[in-house]
Amino acid sequence: MPGAGKTTLGRALATAFELPFRDLDEEIVRSEGRSVADVFQADGEEYFRRREAEVLRVLLAQQPRLVLATGGGTPCFHNNLELLLETGLTLYLAVPVPELVRRLQHAAAARPLLARLPDAAALEARLSETLAYRQRFYDRAPLRCAAPTCTVEAVQHLLATYQASA
Ligand SMILES: Nc1ncnc2c1ncn2[C@@H]1O[C@H](COP(=O)(O)OP(=O)(O)O)[C@@H](O)[C@H]1O
Ligand SMILES: O=C(O)C1=C[C@@H](OP(=O)(O)O)[C@@H](O)[C@H](O)C1
Ligand SMILES: [Mg+2]
């Protein structure tokens, strides 16, 4: 979900694992030469999702070993989840909606699907609806950590347990 901490934790995990880090939104921004908000505004969500799927495929083909922070919607469109499950190890950051609201209420403008909502109650309603639809995708990730313990150390522990059971 937006605000779950994918970009923040992904960067820290990449440092800890000494792997390159990429943020899919940043790759789209680089490829498009404009912000995510501008892409949504000028060309709409369908266009953004098409570019998101294309940029994801190019990135994974070019750089198979990396830590990748996706966007919150990435696994829910264009079979991206199947690709992510086949090519890598996916981690779902489960963060309760009220905590997402706390993190995003002053930063929603940069996230077009959450922009222009009148107040925190509307933001909470939008996030709850979005999560209710997306949960089925997020639950397919083999690794999951729940706030407030989505730390580098927690993920290292999760990975060790996962690898020991593989
Ligand atoms: N573990 C955390 N605890 C509290 N705030 C966090 C945490 N991780 C990220 N944040 C804050 O939440 C906001 C969204 O983080 P970000 O990494 O951009 O999330 P995402 O990429 O999932 O949308 C930022 O303001 C960030 O500083
Ligand atoms: O949840 C979503 O559909 C989106 C999340 C955003 O990324 P973050 O999850 O990093 O905010 C970005 O990809 C776009 O605004 C759409
Ligand atoms: Mg992000």
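Bear in mind the structure is a predicted one, so any value in this text is a computation, not a measurement.

Draft legend 1. Inspection of the nonpolar core at higher detail. The biggest cluster of nonpolar side chains holds 30 residues, and the ones touching the most others in it are Leu9 and Leu127. Taken together, the elements giving at least two residues each to this core come down to helix 1 (6-17), strand 2 (67-69), strand 3 (91-94), helix 5 (97-104), helix 6 (120-138) and helix 7 (152-165). Per-element tally for this core: the top contributor is helix 6, with five residues. Counting 13 residues, the second-largest nonpolar core is a separate cluster that includes Phe40, Leu60, Leu66 and Leu84.

Draft legend 2. Layout of the UniProt feature "binding site: Mg(2+)" (unreviewed entry) in the chain. Sequence positions flagged by UniProt for "binding site: Mg(2+)" (unreviewed entry) are, in local numbering, Thr7. You can see Thr7 is positioned in helix 1. Take Thr7: its relative accessible area is 29%, and that puts it in the partly exposed class. Apart from the residues within four sequence positions on either side, Thr7 is in contact with Phe21, Asp23 and Ala69.

Draft legend 3. Structural context of helix 1. For helix 1, built from 12 residues, the straight-helix expectation of 16 Å at 1.5 Å per residue is met to within 8% by its first-to-last C-alpha distance of 16 Å. Here helix 1 has its buried residues at Lys6, Leu9, Gly10, Leu13 and Ala14. Take helix 1 and look down its axis: the buried residues cluster within an arc of 140 degrees, on one side only. Across helix 1 from its buried face, at more than 90 degrees, point the exposed residues Thr8 and Thr15. The secondary structure elements touched by the buried residues of helix 1 are strand 1 (21-23), strand 2, strand 3 and helix 7.

Draft legend 4. Just the site of ligand 1, in detail. Near ligand 1, the surroundings consist of Met1, Pro2, Gly3, Ala4, Gly5, Lys6, Thr7, Thr8, Arg103 and Arg111. Note that an oxygen atom of ligand 1 is positioned 3.3 Å from one of the backbone N or O atoms of Ala4. A distance of 2.5 Å separates an oxygen atom of ligand 1 from a polar atom in the side chain of Thr8. Protein coverage of the free-state accessible area of ligand 1, which is 560 Å², stands at 61%. With three residues, the top contributor of residues to the shell around ligand 1 is helix 1.

Draft legend 5. Structural detail: the pattern of salt bridges. Inspection of every chain in the model, using the stated rule, returns 13 salt bridges. Here Arg30 makes a salt bridge to Glu27, at a shortest N to O gap of 3.0 Å. Of this pair, Arg30 and Glu27 are both found in helix 2 (residues 24-32), three residues apart, which corresponds to roughly one turn of the helix. Shared partners join several salt bridges into a network, and the residues in it are Glu32, Arg34, Asp43, Arg51 and Glu54.

Draft legend 6. Highlighting the site of ligand 2. In the vicinity of ligand 2 lie 13 residues, with Lys6, Asp25, Arg49, Gly72 and Arg134 positioned nearest. Contacts to ligand 2 include Gly73, whose backbone N or O atom sits 3.3 Å from an oxygen atom. In the complex, the protein chains occlude 94% of the 380 Å² of accessible area that ligand 2 would expose alone. Class assignment of the residues belonging to the shell around ligand 2 gives a composition of five nonpolar, three polar and five charged.

Draft legend 7. Seen up close, the environment of Leu59. For Leu59, the location among the structural elements is in helix 3 (residues 36-62). Spatially, the C-alpha atom of Leu59 lies 8.5 Å from that of Leu24, the residues being 35 residues apart in sequence. Look past the residues within four positions of Leu59 in its chain and what remains in contact with it is Arg22, Leu24, Glu27, Leu66 and Leu68.

Thresholds, definitions, all that
Residues numbered from 1 in each chain as written. Chains lettered and ligands numbered in written order. Predicted model: local features only at pLDDT ≥ 70, side-chain atom pairs only at ≥ 80, totals over all residues. Heavy atoms only, no water. Core = buried A, V, L, I, M, F, W, Y, C linked by side-chain atoms within 4.5 Å. Buried < 20%, exposed > 50% of the residue type's maximum accessible area, 1.4 Å probe, protein only. Helix = DSSP H or I, 4+ residues; strand = E, 2+ residues; numbered from the N terminus. UniProt positions renumbered as here; feature names shortened; annotations may be inferred. Contact = heavy atoms within 4.5 Å. Expected span 1.5 Å × (residues − 1). Arc of directions from axis to C-beta. Near = heavy atom within 4 Å. Polar contact = N/O pair within 3.5 Å; in protein donor to acceptor, adjacent residues only side chain to side chain. Areas by Shrake-Rupley, 256 points an atom, 1.4 Å probe, with all protein chains shown as cover. Salt bridge = Lys/Arg side-chain N within 4 Å of Asp/Glu carboxyl O. Nonpolar A, V, L, I, M, F, W, Y, C, P; charged D, E, K, R; others polar.

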